[in-house]
Amino acid sequence: MPFSPRGKAGIVASPPWHYVGNFLAIDFWAKPEAVEALLPPGLELSLTNPGRCTANFVDWQFTSDEGDELLDPIRSQYHEFLLLVHANYEGQSVMYCPYIYVDQDASLMRGLIQGYPKKIGSVYTTRTFNIPSKASAPLRSGGVFAGTLAVKDRRLAEGVVQIENEASARPVAVFGSAPVITMRHFPSLEAGRENYPAVYELTRAKPEDTAISEIWQGSASLRFYDTPTEDLKELEPVEVNAGYRYTIAFTLRNNWVVKDLRESCAFQHDT
């Protein structure tokens, strides 16, 4: 939606959706009980990494199959803060997204369709360019990258990574290292059925044609701030492990429901 005779007014084009993004990722631990409190039915706290999380500041470029978004960059480019927590689903290690912020409506709608609880925010990351310059963070040992998130004009998160060397193996903090489970939820409008949503399910996407650059790693710092409208600070880091800078590309065309959660709702409809 919105629907129009020529179909041009819709916020989101039909899949497949093609993405490429520069990630600044920070691997950290929060209090396990704070992570557990965010997990929906069907997910459990990770047995091997209780409380482990990844904060991602991402500079994305997107296109549909037609590719016309690339010729209208305001439609194809956006920034994102993506918070992932380690969890278990039926004995398998997965990641779950409790919080995510973007700066574009099309990205927000694509996320809601997939089950990512996107909100509008202001996200910025340090850029690197193909020529040496003091204004370009170098992708080499000693390069320093930062990411910031603000929501409703208030600073909510900031992270800094000083890269030191290339990783020899893919770290668990890298996007796609574990399946990402999301929760699609859409409430009912019928009076008395507020606790029985029209849509309430766990979903999973299957990225295709994934490519990833070299992964730079190094020391990192991460801080969350308290604001009147957000609860991100409940996941305040108790320990920061490491930070990473890399680029990843993939295509999404297939998402599927892994569990219908409506059966867990207490509401029973009168017959």
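See above for the structure.
The text that follows walks through the structure, step by step, so that each part is easy to find. (Residues numbered from 1 in each chain as written. Predicted model: local features only at pLDDT ≥ 70, side-chain atom pairs only at ≥ 80, totals over all residues. Heavy atoms only, no water.)

## Some remarks on the overall build of the chain
Regarding its fold elements, the chain presents 3 helices and 15 strands. A globule of 271 residues ought to have a C-alpha radius of gyration of about 18 Å, and the chain, at 19 Å, matches this closely. Reported as C-alpha extents along the three principal axes, the dimensions of the chain are approximately 70 × 50 × 35 Å. Evaluated residue by residue, the chain yields a buried proportion of 44% over its 271 residues. Within the chain, contacts between residues separated by at least 24 positions form 70% of all contacts whose residues are at least 6 apart in sequence. Total accessible area on the chain is roughly 14300 Å²; 51% of this is exposed by carbon and sulfur atoms. For the chain, the separation between the mean place of its 25 positive charges and that of its 33 negative charges on side chains is 5 Å. (Helix = DSSP H or I, 4+ residues; strand = E, 2+ residues; numbered from the N terminus. Rg over C-alpha atoms; globule rule 2.2 N^0.38 Å. Buried < 20%, exposed > 50% of the residue type's maximum accessible area, 1.4 Å probe, protein only. Contact = heavy atoms within 4.5 Å. Areas by Shrake-Rupley, 256 points an atom, 1.4 Å probe, with all protein chains shown as cover. Lys, Arg positive; Asp, Glu negative; His and termini not counted. Charge placed at Lys NZ, Arg CZ, Asp CG, Glu CD.)

## Structural notes on the nonpolar core
Of all hydrophobic cores here, the largest spans 40 residues; its most connected members are Phe57, Phe81, Leu83, Leu149, Phe224, Leu232 and Leu235. It is strand S4 (residues 77-89) that provides the largest number of residues to this core, a total of 5 residues. Beyond its immediate sequence surroundings of up to four residues, Leu235 is in contact with Phe28, Ala30, Ala34, Val35, Leu38, Leu83, Val85, Tyr99 and Phe224. Membership of the second largest hydrophobic core comes to 29 residues, among which are Trp17, Tyr19, Met95 and Val174. (Core = buried A, V, L, I, M, F, W, Y, C linked by side-chain atoms within 4.5 Å.)

## Considerations on the state of the cysteines
Counting across every chain of the model gives 0 disulfides. In this model Cys53 remains outside any disulfide bridge; the closest cysteine sulfur is found in Cys97, 11 Å from its own. You can call Cys53 buried: its relative accessible area is 0%. Its relative accessible area of 1% is what places Cys97 among the buried residues. (Disulfide = S-S within 2.5 Å.)

## Re the packing of aromatic side chains
Under the criterion given, the structure shown has 13 aromatic pairs. Summarising the aromatic geometry, the rings of Phe28 and Phe224 are spaced 5.8 Å apart at their centres and angled 80 degrees between planes, so their arrangement reads as edge-to-face. Separated by 196 residues along the polypeptide, Phe28 in strand S1 (residues 17-29) and Phe224 in strand S13 (residues 216-224) bring together distant segments of the chain. Of the two residues, Phe28 and Phe224, neither departs from the other in class, the shared state being buried. Relative to Phe250, the ring of Trp60 lies with its centre 5.9 Å away and its plane at 90 degrees, an arrangement referred to as edge-to-face. Taken as a pair, Trp60 in strand S3 (residues 52-64) and Phe250 in strand S14 (residues 239-252) lie far apart in primary sequence, 190 residues in all. Its relative accessible area of 4% is what places Trp60 among the buried residues. The class for Phe250 is buried, based on a relative accessible area of 7%. A network of ring pairs unites the aromatic residues Tyr19, Phe23, Trp60, Phe62, Tyr78, Phe175, Tyr246 and Phe250 as a single cluster. One Lys or Arg, Arg110, reaches over the ring of Phe62 and ends 3.6 Å from the middle of that ring. (Phe/Tyr/Trp six-rings, centres within 6.5 Å; stacked < 30°, edge-to-face > 60°. Lys NZ or Arg CZ within 6 Å of the ring centre and 35° of its normal.)

## Regarding the pattern of salt bridges
For the coordinates displayed, the defined rule picks out 13 salt bridges. In this structure, Arg75 and Asp68 form a salt bridge, with 3.6 Å as the shortest nitrogen-oxygen distance. Using a relative accessible area of 36% as the deciding quantity, one classes Asp68 as partly exposed. A salt bridge links Glu190 to Arg193; the nearest nitrogen and oxygen atoms lie 3.5 Å apart. For Glu190, a relative accessible area of 42% translates into the label partly exposed. Through salt bridges with shared partners, a single ionic network connects Asp68, Asp72 and Arg75. (Salt bridge = Lys/Arg side-chain N within 4 Å of Asp/Glu carboxyl O.)

## Quick notes on unusual backbone geometry
Here the bond from Met1 into Pro2 is cis, since omega is -5 degrees, no more than 30 degrees from zero. In this fold, Pro2 is placed in the segment before S1. Look at the link from Pro15 to Pro16: it is a cis peptide, with omega at 10 degrees. By the secondary structure assignment, Pro16 is in the segment before S1. Of note in the backbone geometry, Lys152 takes a positive phi value of approximately 50 degrees without being a glycine. Lys152 gets classed as exposed once you look at its relative accessible area, which sits at 58%.

## Side note on the side chain of Ser188
Structurally, Ser188 is set in the loop between strand S10 (180-186) and strand S11 (199-205). From its side chain, Ser188 meets the backbone nitrogen of Glu190 in a polar contact 3.1 Å long. Those residues in contact with Ser188 that lie beyond four places of it in its chain are Arg193, Tyr196, Pro197 and Ala198. (Polar contact = N/O pair within 3.5 Å; in protein donor to acceptor, adjacent residues only side chain to side chain.)

None of this, on its own, says anything about what the molecule does.
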